[in-house]
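Letter by letter, the chains look like this.
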Amino acid sequence: KLLLPLSGELYAFTLRAVLGFFPGERAVFWLNLALQAAGLVLFYTGIRRREGAFCAVTACLAVIFTSPFADSIAAAEPQSLVFFLAAFLIWLGTLPFLEKGRPRKVQAFVLVFSGLLYGMGILVAPVLSAAFLFWLAVAVSGFQLKQTKGLVVAASVCGAVCGFFALFMICVLADAGTEGLSASAGKLLWSWQDLTAGRITDSILHSPS
């Protein structure tokens with residue numbers, strides 16, 4: 001498969017649930033519309049919280065008029081889901097977690113926990129690494145001391161790595177019954193790195209999933 005299995009399977013699972021309420025083509029349309037609308041709300045809210053309404057509106061308009069966003073509304077393909085996940089991660093990353101006065105233990109927990117979610121998201125779709133870098137920049141900008149900034153980066157990256165490999169091992173163990181651990185791990189890792197080699201657009205827009 002060209003598409004990373006996780007994003008395709010997650011979309012298929014969600015679409016299967018929606019098919020219980022709408023017939024085939026309508027289910028696809030309403031699911032994609034709901035994902036895109038919810039994603040835009042999260043995307044707008046997250047950016048507005050950090051950069052203001054003008055930047056948020058400009059960013060949302062830029063997203064709306066991209067061809068993958070417009071063309072995917074009637075297609076049973078997971079790009080609307082990937083957009084929703086990216087918007088959710090951006091929204092999560094711009095929550096006022098790192099306000100002054102927060103206990104250091106709370107800040108550290110939030111950094112690691114958010115990093116875990118980002119790491120899992122990157123395994124689902126490598127393109128979400130862009131959202132992780134955006135969130136990391138937001139987190140670092142919340143502190144003044146260089147030493148603290150280094151600790152923020154270290155905690156966030158460690159959390160992301162742990163999240164990536166935790167979900168990776170869960171998927172490997174779930175698929176190991178038929179192929180074995182090493183074969184399952186190799187298959188999943190190969191499919192993930194194959195997308196990072198520059199075929200992410202084709203795999204999302206034209207995949208069987």
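In the block above lies the structure referred to throughout.
Structure report, in brief. This one's a predicted model, so the numbers in the text were calculated from it and none came from an experiment.

## Focus: the overall build of the protein chain
Here comes step 1: Along the protein chain, the regular secondary structure elements total nine helices and zero strands.
Here comes step 2: When the helices and strands of the protein chain are listed from N to C terminus, the series reads α-α-α-α-α-α-α-α-α.
Here comes step 3: For the protein chain, the proportion of its 209 residues judged to be buried stands at 41%.
Here comes step 4: In the protein chain, of all internal contacts separated by at least 6 residues, the share reaching a separation of at least 24 is 68%.

## Considerations on the packing of helix α5 (residues 79-93) against helix α7 (residues 129-141)
Here comes step 1: Two elements in contact, α5 and α7, have axes separated by 9 Å at closest approach and are oriented at 10 degrees. As judged from the angle between their axes, α5 and α7 are roughly parallel. The residues of α7 that touch α5, namely those facing A86, L89, I90 and G93, are A131, F134, W135 and V138.
Here comes step 2: Classifying every residue of the contact of α5 with α7 by side-chain character gives seven nonpolar, one polar and no charged.

Here is what the cut-offs are and how they apply
- Residues numbered from 1 in each chain as written.
- Predicted model: local features only at pLDDT ≥ 70, side-chain atom pairs only at ≥ 80, totals over all residues.
- Heavy atoms only, no water.
- Helix = DSSP H or I, 4+ residues; strand = E, 2+ residues; numbered from the N terminus.
- Buried < 20%, exposed > 50% of the residue type's maximum accessible area, 1.4 Å probe, protein only.
- Contact = heavy atoms within 4.5 Å.
- Axes fitted to C-alpha atoms, helices over the stretch in contact; angles between N-to-C directions.
- Parallel < 35°, antiparallel > 145°, perpendicular 65-115°, else oblique.
- Nonpolar A, V, L, I, M, F, W, Y, C, P; charged D, E, K, R; others polar.

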